[in-house]
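So you can see what is in the structure, the chains are spelled out below.
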Amino acid sequence: MAPVRPVLRDHPAGITRVGAMSVLVTGGAGYIGSHVVRLLQQRGQDVVVVDDLSNSTADRTGGAPLVQLDLAVDAAPERLAAEMRERGVTSVVHFAARKQVGESVARPAWYWKQNVGGTANLLLAMEEAGVRELVFSSSAATYGAPDVELVREDGPAEPINPYGQTKLVGEWMTRAAGRAWGLRAANLRYFNVAGAGWPDLGDVAVMNLVPMVFDRLERGEAPVVFGDDYPTPDGTCVRDYVHVLDLAKAHLAALDHLAADERPHDVFNVGTGRGASVLEVVEAVGAATGAAVEPVVRERRAGDPPRLVADVGRIRGTLGWSAEEDLTSIVTSAWQAWQAARGR
Ligand code: NAD
Ligand code: WQD
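An unreviewed UniProt entry annotates the protein chain as UDP-glucose 4-epimerase originating from Kineococcus glutinatus. Here the protein chain is described in UniProt, under the heading Pathway (unreviewed entry), as follows: "Carbohydrate metabolism; galactose metabolism." As recorded by UniProt, the Catalytic activity (unreviewed entry) comment attached to the protein chain reads in full: "UDP-alpha-D-glucose = UDP-alpha-D-galactose".

**A look at the overall build of the protein chain**
The helix and strand tally for the protein chain stands at 10 helices and 16 strands. Against the compact-globule benchmark of 20 Å for 344 residues, the protein chain has a radius of gyration of 20 Å, which places it among compact chains. The burial tally for the protein chain puts 54% of its 344 residues in the buried class. Long-range pairs, those at least 24 residues apart, make up 77% of the contacts in the protein chain between residues at least 6 apart in sequence. Just so you have it, the protein chain exposes about 15,000 Å², and 50% of that area is on carbon and sulfur atoms. Averaging the coordinates of the 34 positive side-chain charges in the protein chain and doing the same for the 43 negative ones gives two points 3 Å apart.

**A short note on the pattern of salt bridges**
According to the stated counting rule, one finds 18 salt bridges in the structure shown. Linking Asp256 and Arg43 is a salt bridge whose minimum nitrogen-to-oxygen distance equals 2.9 Å. One end of the pair, Asp256, is in helix α7 (residues 244-260); the other, Arg43, is in the loop between α1 (31-42) and β4 (46-51), and 213 residues separate them in sequence. Its relative accessible area of 12% is what places Arg43 among the buried residues. The network of salt bridges with shared partners includes Arg79, Glu83 and Arg87.

**Side note on the sheet that holds strand β6 (residues 89-94)**
If you trace the seven strands from one edge of the open sheet to the other, you get β5-β4-β3-β6-β7-β8-β13, paired in parallel fashion. Both outer strands of the open sheet, β5 (66-68) and β13 (265-270), are each paired with one neighbouring strand and no more. Each strand of the sheet is rotated relative to its neighbour by a mean of 20°, with strand direction disregarded. Pairing of β4 with β5 involves three bridges; the strand directions are parallel. Its bridge partner being in β5, Val49 is matched across the sheet by Leu66. Strands β3 (22-26), β6, β7 (133-139), β8 (184-190) and β13 of the sheet are contacted by α7, whose axis makes an angle of about 160° with β8.

**Thoughts on the site of ligand 2**
With respect to spatial proximity, 18 residues lie near ligand 2, and among them Ser139, Tyr163, Val224, Arg239 and Asp304 are the closest. Take Tyr163: an N or O atom from its side chain is 2.6 Å from an oxygen atom of ligand 2. Between an oxygen atom of ligand 2 and a side-chain N or O atom of Asn192, the distance comes to 3.0 Å. Contact with the protein chains removes 86% of the 690 Å² of surface that ligand 2 exposes when unbound. Of all the secondary-structure elements, those providing two or more residues to the shell around ligand 2 are α6 (209-218) and β10 (224-226). In terms of residue count, the dominant contributor to the shell around ligand 2 is β10 (three residues). The residue makeup of the shell around ligand 2, split by class, is 12 nonpolar, three polar and three charged. Here the shell around ligand 2 spans two domains, and each of domain 1 (21-192 + 242-271) and domain 2 (199-238 + 273-312 + 326-341) adds at least three residues to it.

Calculation rules
Residues numbered from 1 in each chain as written. Chains lettered and ligands numbered in written order. Predicted model: local features only at pLDDT ≥ 70, side-chain atom pairs only at ≥ 80, totals over all residues. Heavy atoms only, no water. UniProt positions renumbered as here; feature names shortened; annotations may be inferred. Helix = DSSP H or I, 4+ residues; strand = E, 2+ residues; numbered from the N terminus. Rg over C-alpha atoms; globule rule 2.2 N^0.38 Å. Buried < 20%, exposed > 50% of the residue type's maximum accessible area, 1.4 Å probe, protein only. Contact = heavy atoms within 4.5 Å. Areas by Shrake-Rupley, 256 points an atom, 1.4 Å probe, with all protein chains shown as cover. Lys, Arg positive; Asp, Glu negative; His and termini not counted. Charge placed at Lys NZ, Arg CZ, Asp CG, Glu CD. Salt bridge = Lys/Arg side-chain N within 4 Å of Asp/Glu carboxyl O. Pairing = 2+ DSSP bridges. Axes fitted to C-alpha atoms, helices over the stretch in contact; angles between N-to-C directions. Near = heavy atom within 4 Å. Polar contact = N/O pair within 3.5 Å; in protein donor to acceptor, adjacent residues only side chain to side chain. Nonpolar A, V, L, I, M, F, W, Y, C, P; charged D, E, K, R; others polar. Domains from an automatic or database assignment.

The following block contains the structure:
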């Protein structure tokens, strides 16, 4: 059966409205998913969210219908296929996954069951319901620790932890589904996501550098730098920090690409192409918060690659997407959301 094509028409506000189609967003109540849900709603698309709310709350879906379901349970494919048919779903954005590297090292089988099993169940449902367009949340964790200035999608993918492995396997599954039954998938390998598109959609977890620095400052403690003897300009690790709103826009570009193009499978880095060191991020937090920030240097954290920065040529060339926001905007928006979440 041929996929249902969206009906495009011009919106008075200059936004392209899409009719007669609905996007299913797994993990749509989460940090990144809630941004994509809001952008889709803003351009007039119907959205249905599937989330087990294990790491989120229902108030982040902007009133979109919410199917509360763990994707990894045996009953998931049937339930998902029924929802897809009933709601006229024509494409899926798949965020729902466990994302903590350390936890994945401690509980590898559970990570495989959740992330690989959840993705397998979703693909079974999509095949059953005839839904053939998928944007999949992959990660720079698929690369492991590449010794290159800029990481390209066609370079080696050698993940060094179970979390990264589950993402690479997810990509393989989408490729195989493309061959088997015509799935068209865009696998987006996010680099370091931070910031907030709106103050009510911040990253509430304290798992990554920017919120970890906020947390320490709030407690009156000095931010911690994990190692300053790396082979980088200031000795601290370099990452590619991408604003979550820019990242969310990349998903819309990918959906539009899938609707317009018959290419069966693709992988895209989503980053800025620019690196920032831990010390530069800490300094940017000091500027955004007005706090006197004097970090303390501790031991290296196991498994941290010295440098991980995206080559963004493919996504710019193919999807016409590139990041607009800089580190100051990322940190400032994250700080606003952090304060909003604490009612200040
Ligand atoms: P998040 O935890 O805020 O969002 C994930 C959402 O999925 C949550 O709402 C959670 O309740 C839900 N969920 C998790 N497992 C589920 C399951 N088995 N069934 C149903 N719902 C489930 O995380 P996020 O930061 O928004 O990340 C979204 C996606 O992006 C994930 O796949 C993650 O691996 C990937 N990613 C994130 C980053 C990052 O820096 N945040 C970087 C690279 C890739
Ligand atoms: C960034 C840098 C730390 C906290 C992880 C996952 C990756 C992806 C994004 C999902 C590192 C240093 C941190 C602190 C520090 N997630 N740091 N002091 O490790 O690059 O990537 O999140 O796909 O898969 O591995 O991100 O934010 O944890 O750390 O010095 O208090 O900041 O050592 O160099 P990371 P991060």
